[in-house]
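Now for the letters of each chain:
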Amino acid sequence: MTSLAHVTAVLNPDRPLLIVDADEVLLRFVEHLETFFLTEGFELRLTSFQLSGNIYCMQSNEVAPPAKVKQLIGLFFANCVDTVPAVPGAADALKNLSDRYEIIVLTNVPHDCRARREAALRELGFAYPVLSNAGEKGPAVKTLQAATTRHTTFVDDLPPQLASVASHAPGTHLVHFVADPRLAAMIDQAPDAHVRIDHWPSLQVHLENLAAATK
Ligand SMILES: [Mg+2]
């Protein structure tokens, strides 16, 4: 069982902390979700940076109501959490960064999927502690930030999560990262982010420079 208390207890406080989201940062979530929706008779039509309102029932051509979307996403995690493919370059970049950073994956999967997600990420080369979270991530980042004497970086695709961390854990370096090129083209840098980077090799260089500059 990996809990927030367990992770903060084992972190090396003398190394900077890198907290990364999984879906659309380490994992090609939307692409895989899209394939799953088709098997359920629904189609994702990406016309804006959100799922809600962009999922259509293929039979009726009607927008799926929010309750149906919630049910489909729950089904997706239950059925597919083990098989979401990795974002290119992510595993290599994090492996290189692990020389300098303590790395934690903070992901909004249902808590009963946490162990499966951790095992799936490990298979893909991401052998880092995985914390499941519900709702905003700011409070969890605040707790993690308090466990290091060095700087903390947070990487996520969703602007509200970057805003949450800006509010709860000020001083955290905030990276807006959107892996899917279609989604990336639909959204500008989040207002709270310090930088927008959508490719792991570039993010690796950015974070190496950051670690060197804050020694
Ligand atoms: Mg995400």
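Counting starts from 1 at the beginning of each chain's written sequence and moves along it residue by residue. Residues qualify for local features only when their pLDDT is at least 70, as the model is predicted, and side-chain atom pairs are given and counted only at 80 or more; totals for whole chains, interfaces and linings, by contrast, use all residues. To obtain the side-chain values, all non-hydrogen atoms of the structure were included, while hydrogens and water were left out.

Asker: Is there a simple way to explain the pattern of salt bridges in this structure?
Answerer: Any two side chains of opposite charge can pair, on the condition that their charged atoms come close. Between Lys or Arg on one side and Asp or Glu on the other, a salt bridge is scored when a side-chain nitrogen of the former is within 4 Å of a carboxyl oxygen of the latter. Counted according to the given criterion, the structure contains 11 salt bridges. Notably, a salt bridge pairs R116 with D82, separated by 2.7 Å at the nearest N-O pair. Residue R116 is found in helix α5 (residues 114-123), and its partner D82 is found in the loop between α3 (66-80) and α4 (90-97); the two are separated by 34 residues along the sequence. Relative accessibility decides the category of a residue: with a 1.4 Å probe and only protein chains considered, values under 20% of the type maximum give buried, values over 50% give exposed, and everything between is partly exposed. Given the relative accessible area of 39%, D82 is considered partly exposed. Secondary structure elements are defined from DSSP: runs of H or I of at least 4 residues count as helices, runs of E of at least 2 residues count as strands, and each element is numbered from the N terminus.

Asker: Looking at this structure, how should I read the sheet that holds strand β5 (residues 130-132)?
Answerer: In a beta sheet, neighbouring strands pair by backbone hydrogen bonds and run either parallel or antiparallel. Two strands qualify as a pair provided that DSSP identifies no fewer than 2 bridges between them. Strand order in the open sheet formed by 6 strands is β5-β4-β1-β6-β7-β8, and the pairing between neighbours is parallel. Edge positions in the open sheet fall to β5 and β8 (195-196), since each of these has one partner strand only. Taken together, the 4 bridges between strand β1 (residues 17-20) and strand β4 (residues 102-107) define a ladder with parallel strand orientation. Residue pairing in the sheet places V20 in a bridge with V105 of β4.

Asker: Looking at this structure, how should I read the environment of Y56?
Answerer: Relative to the helices and strands, Y56 resides in strand β3 (residues 55-57). Among residues more than four places away in sequence, those in contact with Y56 are G41, F42, E43, R45, N61, E62, V63 and A64. Contacts are assigned to residue pairs with any non-hydrogen atoms lying within 4.5 Å of each other.

Asker: Looking at this model, I keep getting lost on helix α9 (residues 200-213). Mind explaining?
Answerer: Note on helix geometry: an α-helix contains 3.6 residues per turn, so any two residues three or four positions apart are oriented the same way. Helix span, expected: 1.5 Å multiplied by one less than the number of residues in the helix. Taking 1.5 Å per residue as the helical rise, α9 with its 14 residues ought to reach 20 Å, and the 20 Å between its terminal C-alpha atoms agrees with that figure. Among all positions in α9, only W200, L203, Q204, L207, L210 and A211 are buried. Along the axis of α9, the buried residues cluster in a sector spanning 130°; they form a single face. Residues of α9 that are exposed and point over 90 degrees away from its buried face: P201 and A213. Residues of α9 that are buried make contact with β1, α4, β6 (152-156) and β7 (173-176). Each direction from the helix axis to a C-beta atom contributes to the arc, which is the arc of those directions.

Asker: What exactly am I supposed to notice about the state of the cysteines here?
Answerer: Every disulfide links exactly two cysteines, by a covalent bond between their sulfur atoms. Here, two cysteine sulfur atoms that lie within 2.5 Å of each other are counted as a disulfide. Enumeration over the complete set of coordinates arrives at 0 disulfides. Its sulfur unpaired, C57 is 19 Å from the next cysteine sulfur, which belongs to C80. On the basis of relative accessibility, which here comes to 19%, the residue C57 falls in the buried class. Cysteine C113 shares no disulfide, and the gap to the nearest cysteine sulfur, in C80, comes to 10 Å.

Asker: Would you mind going over the nonpolar core with me for this structure?
Answerer: Nonpolar side chains tend toward joint burial in soluble globular proteins. Counting residues in each nonpolar core, the largest one holds 56 residues, and the members touching the most others are L18, L26, F37, I55, L94 and W200. Looking at which domains feed residues into this core, each of domain 1 (4-28 + 85-213) and domain 2 (30-80) gives three or more. Buried Ala, Val, Leu, Ile, Met, Phe, Trp, Tyr and Cys residues that are joined via side-chain atoms within 4.5 Å together make up what is termed a nonpolar core. With 18 residues, the next largest nonpolar core counts L11, I104, L174 and A193 among its residues. An automatic or database domain assignment supplies the start and end points of every domain.

Asker: Just checking my understanding: could you explain the side chain of K137 for this structure?
Answerer: Summarising the element assignment, K137 is placed in the loop between β5 and α6 (138-145). A polar contact of 2.9 Å, which involves the side chain of K137, links it to the side chain of D156. Excluding its chain neighbours within four sequence positions, the residues that come into contact with K137 are D21, L106, T107, N108, F154, D156, Q161, S164 and V165. Polar contact criterion, stated in full: a pair of N or O atoms within 3.5 Å, where within protein one must be able to donate a hydrogen and the other to accept it, and residues adjacent in sequence count only if both atoms are side-chain atoms.

Asker: Just checking my understanding: could you explain the domain arrangement of the protein for this structure?
Answerer: For the protein, the assigned domains read domain 1 (4-28 + 85-213) and domain 2 (30-80). The distance between the C-alpha centroids of domain 1 and domain 2 comes to 25 Å. Contacts between domain 1 and domain 2 engage 19 residues on the former and 11 residues on the latter. Accessible area that two parts lose when put together, evaluated with a 1.4 Å probe and summed over both, is termed the buried area. For the pairing of domain 1 and domain 2, the buried interface totals around 1,200 Å² over both sides, and the portion due to carbon and sulfur atoms is 63%. Summed over the shared surface of domain 1 and domain 2, the number is 2 salt bridges. Linking domain 1 with domain 2 are 5 residue pairs in polar contact (both at pLDDT 80 or more), by the criterion used here. For the side of domain 1 that touches domain 2, the secondary-structure elements that each account for two or more residues are α5 and α8 (181-184).

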